[in-house]
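# Structure assessment
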Amino acid sequence: MDMEINFPNLGIYLDHVGKNISIFGFSIAYYGIVIVTGMMIAIWIAQREAKRTGQNPEQYLDLAMIGIAAGILGARIYYVIFAWDYYKDDLLSIFNIRQGGLAIYGGIIGAFVFGGLACKWRGVPVLPMFDLAGMGFLIGQGCGRWGNFFNQEAFGCNTTLPWGM
């Protein structure tokens, strides 16, 4: 499905903007590309900062993988709980995250809880990891807003500013 993205005060009108690309017949949403890019940037920054502060950067890669998986799971669980009326009659649709339905609050809760537990299991100091993870969440939130822009959702209202949509 194509959409329009317009910035009338700047004279920019983009017609027929798609929401995804297709690679080998598999559809990948721009939203997902932006989110994964944000995750990769956050991991790179966390590893660089870990190295700078004398910590083991490889541990942060391991913890990031656990945190990302737990964050996605937490985001989906949180969303399903608050949209239960939609899922209660078709429980298998709970597993179809390609149709949307991730909530940032659940993602943060899942990532912090299981990331913290993973720190305890692996002997990584929790508070320094949370310091670095906080930067990752900020990057993720910023990239998520751009993802919402590409999806034409949750990016704000019309404005009269020069760059307004």
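Heads up: these notes are all about the structure in this document. Please read all numbers here as calculations on a predicted model, not as lab measurements. (Residues numbered from 1 in each chain as written. Predicted model: local features only at pLDDT ≥ 70, side-chain atom pairs only at ≥ 80, totals over all residues. Heavy atoms only, no water.)

## Topic: the packing of helix H2 (residues 57-82) against helix H4 (residues 104-122)
In a packed pair of helices, the relevant descriptors are the angle between the two axes and the axis-to-axis distance. For clarity, the cut-off: Inter-axis angles, ranging from 0 to 180 degrees, are taken between N-to-C directions of lines fitted to C-alpha atoms, where helices are fitted over the stretch in contact. Helical segments are the DSSP runs of H or I of at least four residues, strand segments are the runs of E of at least two, and each set is numbered from the N terminus. In this scheme the crossing of two helices becomes right-handed for a clockwise turn of the near helix relative to the far one and left-handed for an anticlockwise turn of less than a right angle. For this analysis, residues touch if any pair of their heavy atoms sits within 4.5 Å. Three categories are distinguished: nonpolar for Ala, Val, Leu, Ile, Met, Phe, Trp, Tyr, Cys and Pro, charged for Asp, Glu, Lys and Arg, and polar for the others, with Gly belonging to the last.
Closest axis-to-axis distance for the H2/H4 pair is 6 Å, and the angle between their directions is 145 degrees. Where H2 crosses over H4, the handedness of that crossing is right-handed. Of the residues in H4, those touching H2 at Gln-59, Asp-62, Leu-63, Ile-66, Gly-67, Ala-70, Gly-71, Gly-74, Ala-75 and Tyr-78 are Tyr-105, Gly-106, Gly-107, Gly-110, Ala-111, Phe-114, Gly-115, Ala-118, Cys-119 and Arg-122. Of the residues belonging to the contact of H2 with H4, the class tally is 10 nonpolar, eight polar and two charged.

## Let's talk about helix H1 (residues 30-52)
Formally: To estimate the expected span of a helix, count its residues, drop one, and scale the result by 1.5 Å. Relative accessibility decides the category of a residue: with a 1.4 Å probe and only protein chains considered, values under 20% of the type maximum give buried, values over 50% give exposed, and everything between is partly exposed.
Taking 1.5 Å as the rise per residue, H1 with 23 residues should run 33 Å; its terminal C-alpha atoms sit 33 Å apart, in good agreement. Within H1 the residues assigned to the buried category are Val-34, Gly-38, Ala-42, Ile-43, Ala-46, Gln-47 and Ala-50. The positive-phi residue at the C-terminal boundary of H1 is Gly-54, with phi of around 80 degrees.

## Let's talk about the environment of Ala-50
Looking at the secondary structure, you find Ala-50 in helix H1. C-alpha separation for the pair Ala-50 and Val-126, spaced 76 residues apart in sequence, amounts to 13 Å. Not counting chain neighbours up to four residues away, the residues in contact with Ala-50 comprise Gln-55, Pro-57, Tyr-60 and Leu-132.

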